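Read off the chains here:
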Amino acid sequence: MTRGNAVVIGAAGQIGRPAVAALAADGWQVTAASRGGGRDEAWPREVRAVALDRADDAAFDAVIGDGCDVLVDLVAFDETHAAQLARSAGCVGSAVVISTAAVYEDSEGRSFDTQEEPGGFPRYPVPIPETQRTVAPGGSTYGARKVRLEQELLAGAGRLPVTVLRAGAVHGPHCRTPRELYFVKRALDGRRRRVLAHGGESRFQPVHTSDVAELIRLSALHPGAGVLNASGPDTPTVAEIGAAIDRVMGVETETVLVDGAPPAENVGDTPWSVPHPVVSDMTRARNVLGYRPVTGYAASLPATVEDLTARLARHADWRDAFPVMARAYGDGLFDYAAEDAWLAEHG
């Protein structure tokens with residue numbers, strides 16, 4: 001059964017690859033647009049891959065062509081992209097747009113934008129509903145720009161039905177900032193002790209790319225669902241994540257738990273480490289879309305570990321393999337000297 005035409009913008013990215021595959025498998029005729037115009041080996045032959053420079057309005061319009069039934073936008077970021085989408089309202093049936101859980105702020109106005117300030121990390125309700133307040137729209141931060149995008153899209157929902165998916169900590173193959181890298185590289189480097197701050201209890205809810213793809217597939221079938229959280233079924237602690245990766249890699253690591261904040265610079269801090277839990281409420285996605293997870297966190301790890309290991313093996317320096325990750329976290333991510341010095345004194 002052919003459901004209609006779907007255009008996916010950002011098709012070569014970590015979410016785009018499984019999203020294109022999921023839509024094609026569900027009967028959509030898919031045009032996969034990305035900067036390089038490449039194909040994923042998992043896509044069926046019928047998928048049409050095209051190159052797209054998102055900054056070129058004429059190229060954007062050309063990809064939409066005479067119209068499509070659903071437009072999936074995985075790279076929309078600000079009001080410029082919202083305007084592009086709004087302009088296509090007459091020839092697009094509905095849109096599915098990826099946003100982020102970083103738009104939320106707590107009752108005291110704390111958000112991911114304030115996390116570097118003393119006491120600035122948010123204390124969200126657990127779990128966070130879609131009705132939770134968000135940061136003010138603006139152009140200065142990632143979260144603020146996403147809020148502006150959301151608001152402009154939702155304001156035009158009468159002309160273009162929109163579903164906005166607020167993704168959690170996305171993980172899976174092809175991720176540019178894979179948090180699992182912290183544990184995978186340490187295991188490959190022979191590190192058999194690790195320090196975890198906050199008692200190893202940090203919870204930053206992950207969502208596998210295949211689950212985001214499933215939410216996209218369902219959103220295409222239920223146009224105009226509004227704002228929905230997009231997180232996975234599990235909420236493992238950082239200690240549980242480290243242990244799960246150890247099992248996949250067949251290693252044993254002693255974990256030294258430290259209460260409270262990291263005890264020294266570059267010690268006990270990981271990409272998963274947060275002082276207060278970040279967990280999204282998925283009730284609305286279940287009720288509105290009939291969403292059921294495709295995979296669990298532990299079940300998805302072998303493929304993620306295989307992908308990270310292979311990418312590391314192709315480069316002498318991890319920063320060359322994961323340049324976006326290196327820019328985001330810096331050299332302190334694997335500061336073994338600092339950790340060894342602290343362990344020698346306290347461990």
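See above for the structure.
The paragraphs below set out a description of the structure included in this document. Just so you know, the residues in each chain are numbered from 1, in the order the chain's sequence is written. Owing to the predicted nature of the model, reporting of local features is limited to residues with pLDDT of at least 70; listing and counting of side-chain atom pairs is limited to 80 or more, with chain, interface and lining totals taken over all residues. Hydrogens and water molecules were not included; the side-chain quantities draw on all heavy atoms of the structure.

Some words on the packing of aromatic side chains
Turning to step 1, where the next piece is worked out: Two rings from Phe, Tyr or Trp (for Trp, the six-membered ring) form a pair when their centres sit within 6.5 Å of each other. Planes less than 30 degrees apart are called stacked, planes more than 60 degrees apart edge-to-face, and all others tilted. For the coordinates displayed, the defined rule picks out nine aromatic pairs.
Turning to step 2, where the next piece is worked out: Taken together, a centroid distance of 5.1 Å and an interplanar angle of 90° make the contact between Tyr-182 and Phe-183 edge-to-face. Pair check on accessibility: Tyr-182 and Phe-183 agree, each one buried.
Turning to step 3, where the next piece is worked out: The rings of Tyr-182, Phe-183, Trp-318, Phe-334 and Tyr-336 are connected pair by pair, giving a single aromatic cluster.
Turning to step 4, where the next piece is worked out: As a reminder, the over-ring test applies to NZ of lysine and CZ of arginine, requiring each to be within 6 Å of the ring centre and within 35 degrees of the ring normal. When the ring centre of Trp-272 is taken as origin, the NZ or CZ atom of Arg-179, which lies over that ring, is 5.6 Å away.
Turning to step 5, where the next piece is worked out: Here the basic side chain of Lys-185 rests over the ring of Phe-334, its NZ or CZ set 5.3 Å away from the ring centre. Only protein chains enter the calculation, and the probe is 1.4 Å; a residue is then buried if its accessible area is under 20% of its type maximum, exposed if over 50%, and partly exposed in between.

So, the state of the cysteines
Think of a disulfide as a covalent bridge from one cysteine sulfur atom to another cysteine sulfur atom.
Turning to step 1, where the next piece is worked out: What counts as a disulfide here is a pair of cysteine sulfur atoms lying within 2.5 Å. Scanning the model with the defined rule gives zero disulfides in all.
Turning to step 2, where the next piece is worked out: As a non-bridged cysteine, Cys-68 has Cys-91 as the owner of its nearest cysteine sulfur, 6.9 Å distant.

Quick look at the environment of Leu-149
Turning to step 1, where the next piece is worked out: Secondary-structure assignment places Leu-149 in helix α4 (residues 142-155).
Turning to step 2, where the next piece is worked out: In this structure the C-alpha to C-alpha distance between Leu-149 and Trp-43, which are 106 residues apart in sequence, comes to 30 Å.
Turning to step 3, where the next piece is worked out: We call two residues in contact whenever any of their non-hydrogen atoms come within 4.5 Å of each other. In this structure Leu-149 touches Ala-76, Phe-77, Asp-78, Ala-82 and Val-97, once residues within four positions along its chain are discounted. Under the DSSP-based scheme used, a helix requires at least four consecutive residues in state H or I and a strand at least two consecutive residues in state E, with every element numbered from the N terminus.

Quick word on the nonpolar core
Turning to step 1, where the next piece is worked out: Counting 38 residues, the largest nonpolar core has Leu-181, Phe-183, Trp-272 and Trp-318 as its most contacted members.
Turning to step 2, where the next piece is worked out: Mapped by element, the contributors of at least two residues to this core are α4, α5 (181-188), α7 (238-249), α9 (297-313), α10 (318-321) and α11 (323-329).
Turning to step 3, where the next piece is worked out: Those residues in contact with Phe-183 that sit more than four places away from it in its chain are Arg-194, Leu-196, Val-238, Ile-241, Gly-242, Ile-245 and Trp-272.
Turning to step 4, where the next piece is worked out: Put simply, a nonpolar core is a bunch of buried Ala, Val, Leu, Ile, Met, Phe, Trp, Tyr and Cys residues held in one set by side-chain atoms that sit within 4.5 Å of each other. Within the second largest apolar cluster, 36 residues are counted, among which are Ala-22, Ala-32, Ile-98 and Tyr-291.

Digging into the pattern of salt bridges
Turning to step 1, where the next piece is worked out: A pair is scored as a salt bridge if a Lys or Arg side-chain nitrogen falls within 4 Å of a carboxyl oxygen belonging to Asp or Glu. Applying the stated criterion across every chain yields a total of 22 salt bridges.
Turning to step 2, where the next piece is worked out: The closest approach of N and O atoms between Asp-73 and Arg-54, which form a salt bridge, is 2.7 Å. In this pair, Asp-73 is assigned in strand β4 (residues 68-73) and Arg-54 in the loop between β3 (48-51) and α2 (57-64), connecting sequence segments 19 residues apart.
Turning to step 3, where the next piece is worked out: We classify Asp-73 as buried; its relative accessible area is 0%.

Describing the sheet that holds β3
Within a sheet, neighbouring strands are paired by backbone hydrogen bonds and run either parallel or antiparallel to one another.
Turning to step 1, where the next piece is worked out: In this scheme, strands are said to pair when DSSP sees at least two bridges between them. Strands sit in the order β3-β2-β1-β4-β5-β6-β10 across an open sheet of seven strands; the sheet is parallel. Bordering the open sheet on either side are β3 and β10 (226-230), each of which pairs with just one other strand. In this sheet, neighbouring strand axes are inclined to one another by 20° on average, regardless of whether the strands run parallel or antiparallel.
Turning to step 2, where the next piece is worked out: Alignment of strand β1 (residues 4-9) against strand β2 (residues 28-34), held across six bridges, turns out to be parallel. In the strand pairing of β2, Ile-9 is matched with Ala-33.
Turning to step 3, where the next piece is worked out: In this description, a line fitted to the C-alpha atoms serves as the axis of each element, helices being fitted only across the stretch in contact, and the angle between N-to-C directions of two axes falls anywhere from 0 to 180 degrees. Taken strand by strand, helix α1 (residues 16-25) contacts β1, β2 and β4, and its axis lies near 165° from that of β2.

Describing unusual backbone geometry
Turning to step 1, where the next piece is worked out: Look at the link from Val-126 to Pro-127: it is a cis peptide, with omega at 0°.
Turning to step 2, where the next piece is worked out: Of note, Pro-127 is situated in the loop between β5 (92-100) and α4.
Turning to step 3, where the next piece is worked out: Of note, His-174 is a non-glycine position whose phi angle comes to about 75°, a positive value.
Turning to step 4, where the next piece is worked out: Here His-174 lies in the loop between β7 (169-171) and α5.
Turning to step 5, where the next piece is worked out: One non-glycine residue, Asn-266, lies in positive phi territory at about 65°.
Turning to step 6, where the next piece is worked out: Structurally, the position occupied by Asn-266 is in the loop between β11 (254-257) and α8 (283-289).

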